[in-house]
Amino acid sequence: MIRLTRVFYVIGFILFVGLFTAAVVYAFKMNEVSKKNNSGIIPSYKYHFVLVPEEMDNDYWRLVEKGAKDAAKKHHVLLEYKGPKQSNIDEHLKELKIAGASRVDGILTQGYNDQQFSPVIDSLENKGIPVITVDTDAPSSNRRAYIGSDNYYSGFIAGKALLEDTKGKVNVAIITGSFQASHQQLRVQGFKDAIRREKRVKIIAIEESKITRIRAAEKANKILTEHPETNAFFGTSALDGIGIAQTVVHLNRQNSMYIIAFDTIEDTINDMKKGIINATVMQEPYEMGYHSVEMMVTIEEGKRVPEINYTDTRVIHRSDLPIATIEQQKRSPS
Amino acid sequence: MIRIRTKLILYFIILVVLVNAVAFYLYSSSEQIMREYDRSFQRFLLLNEISQQTNTLVEKMNAYIVEKDPAYLHEFNATNKKLRANKKRLDSEVEDKSNYVDLTNYENMLESFLDDSYIAVSAFQNNDINQYSSYFNEATDTSSYILETTMSLINQELTSYQHFYNQLSKRNYYYRLTAVLFLSAVFILCTILAIRISGGITNPIKRLSLAAKEISAGHLSGEDIKVTSKDELKLLTETFNQMRKNIIELVNEIKDKSELDKLLKELELKNLQNQINPHFLFNTLNNIAKMAYLEGAPETTRLIESVSSLLRYNLENIDKPSTLKDEINVVKDYFYIQQTRFGDRISFYTYIDESCMQVPIPRLTLQPIIENAFIHGVESKEEGGSITLSIFKKAEQIFIEVVDDGLGMGPETKTRLLNYVNGEDLHKNEQHKRSGHSTGIGVINVIKRLQLFYQEKDVVEIESELGRGTTFRLKIKGDRSCV
């Protein structure tokens, strides 16, 4: 009887201790959950910049963003990457205005179109927010500086490459991203100037792709239907080249077609490897992004920066691939 | 000694404190969950309120500029103030790691909006048309950005709310588990304590009542009840044990007394049987003695007188204690009678310490022993023998020694006697066998009476050897007068 009572007590006590321990453990777990919820220190930063691209999900602009982010990390800058989902001037301008209303420390943006952009950039500068144009300039505005390719030059070297790579009569069609965008205009202008003196080369059509791949393919199809004699294409924005290539392959005319594209996005490189695209103009978006942030930091520190900063542009062919070796070659001396 | 009351109070305090602590903990935890839920909800409300106030502000500004009614200006200022206050709440209530970028922009936008709208209204009051229209437009633009950003912030909140909700339900799950576990742990602890404490009180009582029942049924001799607690029950148990011991002693005393009474009654009965008419016999013996004296036979007279005095002593109330002196006188009379009978064959010697003659002694104790010595010792011995009675003091005790040089006892008889002396009962019929005594009182009866009279077992010593005689030694306590 006494032993039974003792066993009962011992079991009861063990049960109590076990339950109590479990309860404490779960209480801790419960607190852990709520702690996690409130954790997270807001990082501190020196400056708050906004980078507004013409289009958010664009491989080319993603590279600009990458460069900018790397520089931002180095200089303790909070960098926002905000822009239209699809290329759209109104939305682009709105983002700039929002950034102005948000009183950021500096704005990095594409210039795009001088007439529409200049008033907005000027009003931002009036509010005391410095603006740097990236990739495309808005030269008539009060922007502090421009960093990016010399677009006229890049169009010009594309034309030169066409002349070098082709023989005989060439009917070239141009598909440009936008008729309004100044950098596109400059590229087309540079290209035109390069081939002007050569009689054998004739520009047969110019169409606008609104920098979408589908539109580019559509326009290429239109050109080829209207002008079957076309035997060369020049795409002046990043997606034009692959759009053209798609149509050309679809119509099975890749063997007799010379295509020169713009920028080194992955699809373009792949088409180059297949031999569909013959050459492309290589810009340096990473450098642009990186240096734009560094320049903005310099401005914030009250120092002056040169107004025009051109980054390198060059034409590459299939033989220059892969890209990594080009970049390495380029970086090693500097 | 910890009192039962203290124990109970302690138990209740532990119980109340424990239960309350657990209840409080659970309550505060659930409160915390509710608070968090509330806070998350407040964020939505705050954002919503800000967007509404932004709208109101634009409306009021518009209305004021169009209608120039100061009432609108007043409302404009009031809304402006409220919006500013809400803006200040943003940092502490809404900002976190996931939305700080948007929130910083949002706050700055609000600031721009508030500033622009204020400047617009001021410029309007100063009739500065150019400025007010540009600031008015700017403010209106900014308000639309604010509304948009509000939507996107609310969207973000909703997205993170999913995560928050998951956490909350996880927390709730843990909370329920914790609550159930805590409550069952406390329940078990309380049960153990309750059983232990109630057992601590009822078990000794149960044991006590069992023992009491046994006692009331007459079973006095039980083991002592063990004390397990240190409270009032310990006292009760100990007292109970003591009481039982006392009762046992009392009962034993009563038993002894009743046995003594029984023995005396037995003697009386025997005496009555023997005394057909003792007074008649006694008177007749006196007459014969007188007659013998008148007829000139002094020897006869003396003998008869001895018989007469022996008889008289025998007739007196046996309950009444006698003195040593009276006992010795009776013995002497008895001896005289025997000497007349046996003549020179026996001799009787006495060595008596006269100082203790008044010591009380049960009646008829000495005579049966002397008689025993005659019957079993010297009577059947043809060459005769001697009996010596000596009384002396030693170490506050009086020794009465009866020594004979008769036949002695065999070891069997002696063992039987000693067994009896040590408290073992003899068979009844054996007692009857031992008749032949003049008084009908046997040695055993004497010893028993002595033991009861003095309340001591050790009253007699017997030394004996076959053919060499017996020594019978009585040890009695001396009384104050003779020690």
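How each quantity is defined
Residues numbered from 1 in each chain as written. Chains lettered and ligands numbered in written order. Predicted model: local features only at pLDDT ≥ 70, side-chain atom pairs only at ≥ 80, totals over all residues. Heavy atoms only, no water. Helix = DSSP H or I, 4+ residues; strand = E, 2+ residues; numbered from the N terminus. Contact = heavy atoms within 4.5 Å. Areas by Shrake-Rupley, 256 points an atom, 1.4 Å probe, with all protein chains shown as cover. Pairing = 2+ DSSP bridges. Axes fitted to C-alpha atoms, helices over the stretch in contact; angles between N-to-C directions. Parallel < 35°, antiparallel > 145°, perpendicular 65-115°, else oblique. Left-handed = near helix turned anticlockwise from the far one by under 90°. Core = buried A, V, L, I, M, F, W, Y, C linked by side-chain atoms within 4.5 Å. Buried < 20%, exposed > 50% of the residue type's maximum accessible area, 1.4 Å probe, protein only. Buried area = accessible area lost by both parts, 1.4 Å probe. Salt bridge = Lys/Arg side-chain N within 4 Å of Asp/Glu carboxyl O. Polar contact = N/O pair within 3.5 Å; in protein donor to acceptor, adjacent residues only side chain to side chain. Nonpolar A, V, L, I, M, F, W, Y, C, P; charged D, E, K, R; others polar. Patch = residues over 30% accessible without salt bridge, like charges linked within 9 Å, V, L, I, M, F, W, Y side chains within 5 Å. pLDDT = per-residue confidence, 0-100. Bend = angle between axes of the 7 residues up to and from the residue. Phe/Tyr/Trp six-rings, centres within 6.5 Å; stacked < 30°, edge-to-face > 60°.

A. The overall build of chain B, seen in detail. Scanning chain B from terminus to terminus reveals twelve helices and seven strands. Long-range contacts, defined here as pairs at least 24 residues apart, represent 75% of the contacts in chain B between residues at least 6 apart. Surface exposure of chain B reaches about 27500 Å², of which carbon and sulfur atoms provide 56%.

B. Spotlight on the sheet that holds strand E4 (residues 385-394) of chain B. Residue and element names in this part refer to chain B. Pairing within the open sheet is mixed, and its five strands lie in the order E2-E4-E5-E7-E6. Strand pairing shows two members of the sheet lacking a second neighbour, strand E2 (346-352) and strand E6 (460-465), which therefore form its edges. Between one strand axis and the next, the sheet turns by 10 degrees as a mean value, whatever way the strands run. Across the sheet, helix H9 (residues 366-378) lies against E2, E4, strand E5 (397-404) and strand E7 (469-477), angled at about 145 degrees from E4, the strand it touches most. In the packing of helix H12 (residues 443-454) onto the sheet, the strands contacted are E6 and E7, and the crossing angle to E7 comes to about 20 degrees.

C. Up close: the packing of helix H6 (residues 278-294) of chain B against helix H7 (residues 298-315) of chain B. Residues and elements named next belong to chain B. Relative to each other, H6 and H7 sit at 160 degrees, their axes nearing to 9 Å. Classified by the angle their axes make, H6 and H7 are roughly antiparallel. The handedness of the crossing between H6 and H7 comes out as left-handed. Counting all contacts with H6, which are made through Pro278, Leu281, Phe282, Leu285, Asn286, Ile288, Ala289, Ala292 and Tyr293, the residues of H7 involved are Thr300, Thr301, Ile304, Glu305, Val307, Ser308, Leu311, Arg312 and Leu315.

D. Representation of the sheet that holds strand E9 (residues 258-262) of chain A. All names here are of chain A. Strands sit in the order E7-E6-E8-E9-E10-E12 across an open sheet of six strands; the sheet is mixed. Each edge of the open sheet carries a strand with a single partner, namely strand E7 (201-208) and strand E12 (314-317). Taken pair by pair, the neighbouring strands of this sheet meet at an average axis angle of 20 degrees, ignoring direction. In the sheet, strand E6 (residues 170-176) pairs with E7 via seven bridges, with the strands oriented parallel. Within E7, the residue paired with Thr176 across the bridge is Glu208. The sheet strands contacting helix H6 (residues 182-195) are E6, E7, strand E8 (232-235) and E9, and the helix crosses E6 at an angle near 170 degrees. Lying on the sheet, helix H8 (residues 240-250) is in contact with E6, E8 and E9; it crosses E8 at an angle near 150 degrees.

E. Structural detail: the nonpolar core. The biggest cluster of nonpolar side chains holds 51 residues, and the ones touching the most others in it are Ile132 and Phe233 of chain A. With seven residues, the top contributor of residues to this core is helix H10 (residues 285-300) of chain A. Excluding residues that lie within four positions of it along the chain, Phe233 of chain A makes contacts with Val172, Ala173, Ile175, Ala220, Ile223, Leu224, Ile244, Val248, Met257, Tyr258, Ile259 and Ile260 of chain A. Formed by 47 residues, the second largest nonpolar core is a distinct cluster that contains Leu324, Val331, Met357 and Val378 of chain B.

F. Layout of the interface of chain B and chain A. At the interface, 39 residues of chain B touch 38 residues of chain A. Carbon and sulfur atoms supply 66% of the area buried between chain B and chain A, which totals about 3600 Å² over both sides. Of all residues in chain B, Tyr100, Tyr145 and Tyr174 of chain B give up the largest surface area on contact with chain A, accounting jointly for 16% of the area buried on that side. For the interface between chain B and chain A, the tally reads three salt bridges. Across the pair Glu138 of chain B and Lys127 of chain A runs a salt bridge whose closest N-O atoms are separated by 2.6 Å. Scanning the region where chain B abuts chain A turns up nine residue pairs in polar contact (both at pLDDT 80 or more). Looking at the side of chain B that touches chain A, the elements that each hand over two or more residues are helix H1 (4-67), helix H3 (100-125) and helix H4 (129-216) of chain B. If you tally residues by element for the side of chain B that touches chain A, the top one is H4 of chain B, at 21 residues. Among the residues making up the side of chain B that touches chain A, the classes are represented as 16 nonpolar, ten polar and 13 charged.

G. Spotlight on a nonpolar patch on the surface. Taken together, Ile9, Ile13 and Val17 of chain B make up a surface patch of nonpolar side chains, about 260 Å² in accessible area. The topology assignment puts Ile9 of chain B in helix H1.

H. Up close: the pairing of E9 of chain A. Residue and element names in this part refer to chain A. Taking burial as the measure, the five residues of E9 include five buried ones, the bulk of the element. The alternating pattern of E9 places Tyr258, Ile260 and Phe262 and Ile259 and Ala261 on opposite faces, both of which are buried. As defined by bridge partners, E8 adjoins E9 across three bridges and the pair is classed as parallel. Along E9, the bridge assignment pairs Ala232 with Tyr258.

I. Unusual backbone geometry, seen in detail. Residue and element names in this part refer to chain A. Even without glycine at this site, Ile211 takes up a positive phi of about 35 degrees. Within the fold, Ile211 resides in the loop between E7 and helix H7 (213-226). What makes Ile211 buried here is its relative accessible area of 4%.

J. Seen up close, the pattern of salt bridges. All names here are of chain B. As enumerated under the stated definition, the model contains 30 salt bridges over all chains in all. For Glu111, the salt bridge goes to Arg84, with nearest N and O atoms at 3.4 Å. In this pair, Glu111 is assigned in helix H3 and Arg84 in helix H2 (residues 70-93), connecting sequence segments 27 residues apart. Overall, Arg84 belongs to the partly exposed group, its relative accessible area being 30%. We note a salt bridge from Glu111 to Lys87, for which the minimum N-O separation is 2.7 Å.

K. Layout of the packing of H7 of chain B against helix H8 (residues 324-342) of chain B. All names here are of chain B. At a minimum axis distance of 9 Å, the contact between H7 and H8 shows a crossing angle of 140 degrees. The orientation of H7 with respect to H8, classified from their angle, is oblique. As for the relative orientation of H7 and H8, their crossing is left-handed in sense. Each of Glu299, Arg302, Leu303, Ser306, Val307, Ser309, Leu310 and Tyr313 in H7 lies in contact with H8, whose residues at this interface are Asp326, Glu327, Val330, Asp333, Tyr334, Tyr336, Ile337 and Thr340. Grouping the constituent residues of the contact of H7 with H8 by class yields eight nonpolar, three polar and five charged.

L. Representation of the environment of Asp59 of chain A in the model. Structurally, Asp59 of chain A is set in helix H2 (residues 59-74). Along the chain, Asp59 of chain A and Ile265 of chain A lie 206 residues apart, while their C-alpha atoms are 6.2 Å from each other.

M. Just the confidence of the model for chain B, in detail. Residues and elements named next belong to chain B. Per-residue confidence for chain B gives a mean pLDDT of 83; residues scoring 70 or more make up 93%. In this model residues 427-435 is a low-confidence stretch, pLDDT under 50, and it forms six contacts with partners more than four residues away in sequence or in other chains. Our summary of model confidence lists the complex with pTM equal to 0.59 and ipTM equal to 0.74.

N. Region of interest: H4 of chain B. Gly199 of chain B marks where H4 of chain B bends most, by close to 30 degrees. Phi turns positive one or two residues past the end of H4 of chain B, at Gly218 of chain B, with a value near 105 degrees.

O. Highlighting the packing of aromatic side chains. Enumeration over the complete set of coordinates arrives at 24 aromatic pairs over all chains. Here the aromatic rings of Phe13 of chain A and Phe16 of chain A are separated by 6.4 Å at their centres, their planes lie at 45 degrees, and the arrangement is tilted. Placement of the pair is Phe13 of chain A and Phe16 of chain A together in helix H1 (residues 2-38), with a separation of three residues, close to one helical turn. For Phe16 of chain A, a relative accessible area of 14% puts it in the buried group. Ring centres of Tyr334 of chain B and Phe374 of chain B lie 5.7 Å apart, and the angle between their planes is 75 degrees; on these two criteria the pair is classed as edge-to-face. Highlighted residues: Tyr334 of chain B in helix H8 and Phe374 of chain B in helix H9, separated in sequence by 40 residues. When sorted by exposure, Tyr334 of chain B lands in the same class as Phe374 of chain B, which is buried.

P. Focus on the environment of Asp137 of chain A. Residues and elements named next belong to chain A. Tracing the backbone through its elements, the reader meets Asp137 in the loop between strand E4 (131-134) and strand E5 (145-149). Remark: the alpha-carbon pair of Asp137 and Asp150, spanning 13 residues in sequence, is separated by 9.3 Å. Apart from residues no more than four positions distant in its own chain, Asp137 is found in contact with Gly111, Tyr112, Arg143, Tyr146, Ser182 and Ile308. A polar atom in the side chain of Asp137 sits 2.9 Å from the side chain of Thr133. Separated by 2.5 Å, the side chains of Asp137 and Arg143 make a polar contact.

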